[in-house]
Amino acid sequence: MEYAAIVLAAGQGKRMKAGMNKQLIDLNGIPLIVHSLRLFEEDEACKAIWLVVSEPERQIMEKLVAEYQIGKVKGLVNGGAERQDSVYAGLKGMEEAEIVLIHDGARPFVAKPILTKLADEAAQSGAAIAAVPVKDTVKLANKNSVARTVERKNLWAAQTPQAFQYELVLAAHEDAKKHGFLGTDDASLVERLDKRVTIVESDYLNIKLTTEEDLLFAETILKKRENQL
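Quick notes on the rules
- Residues numbered from 1 in each chain as written.
- Predicted model: local features only at pLDDT ≥ 70, side-chain atom pairs only at ≥ 80, totals over all residues.
- Heavy atoms only, no water.
- Buried < 20%, exposed > 50% of the residue type's maximum accessible area, 1.4 Å probe, protein only.
- Helix = DSSP H or I, 4+ residues; strand = E, 2+ residues; numbered from the N terminus.
- Pairing = 2+ DSSP bridges.
- Axes fitted to C-alpha atoms, helices over the stretch in contact; angles between N-to-C directions.
- Contact = heavy atoms within 4.5 Å.
- Core = buried A, V, L, I, M, F, W, Y, C linked by side-chain atoms within 4.5 Å.

## Here's the deal with the pairing of strand β6 (residues 99–104)
The buried count for β6 comes to six of six residues, which makes it a mostly enclosed element. Burial along β6 is two-sided: the face carrying Ile 99, Leu 101 and His 103 and the face carrying Val 100, Ile 102 and Asp 104 are both buried. Examined bridge by bridge, β6 and strand β10 (residues 156–165) share four bridges and lie antiparallel to one another. Each bridged residue has a counterpart across the sheet, and for Leu 101 the counterpart in β10 is Ala 163.

Here it is as structure tokens:
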């Protein structure tokens, strides 16, 4: 199923403590955001990429897109104060598509089959997310004390991309904006409309680079892949 992608690169990633937008941190000599953009550039089903950036970094991002020849980027959109605002800006700023995949630029390791499954599932059901079963025991806490242990067999850790029929996710964002609702991800906005969101099982390598420690895992994944070539 053909789709368009919104890639979010406007956040500052303060938990990374890098003194810069984490999207610009080099992984094996290539900026993180370029690794993520290449996921979609190399997927034949992706027909367009809309990159959401912060205004001060717009020229830097434009140069990276040109330097690394990411030809599917059709436009750069200025993001907002919150992630949800940035996604909405991307939805409003892009050319309308039947299916849109929304992805955090800090997740550079999505497997191509997951992209395909997400787009196909969204075309059928309206909304689909990449997720993995929770492996750890989960505790519900009251301040710093355990209230109870949560049954994990039905718990999934949500990832991105998240795939939607364009009209559905746009309506979900507009409804959330109208009522001042701030969700934890785009799927939560669709859930508010009592719409079904399907899970596409992903893998545990689809990590989001958030902390300094995550960079170590990322370098290990890249080295492993290089050794397999």
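## Structural notes on the sheet that holds strand β11 (residues 198–201)
Pairing in this open sheet of seven strands is mixed, and the strands run β5-β4-β1-β6-β10-β7-β11 from one edge to the other. Every interior strand has two partners, whereas the edge strands, β5 (73–78) and β11, have only one. Direction aside, the axes of adjacent strands within the sheet are offset by 30 degrees on average. Taken strand by strand, helix α1 (residues 32–41) contacts β1 (3–8), β4 (46–53), β5, β6 and β10, and its axis lies near 155 degrees from that of β4. Across the sheet, helix α3 (residues 83–93) lies against β1, β4, β5, β6 and β10, angled at about 145 degrees from β1, the strand it touches most.

## A few points about the nonpolar core
Counting 35 residues, the largest nonpolar core has Tyr 3, Ile 33, Leu 37, Phe 40, Leu 51 and Met 61 as the members making the most contacts within it. Mapped by element, the contributors of at least two residues to this core are β1, α1, β4, α2 (58–67), β5, β6, α4 (112–125) and β7 (127–133). In this structure, Ile 6, Tyr 88, Val 100 and Tyr 166 belong to the second largest nonpolar core, which totals 27 residues.

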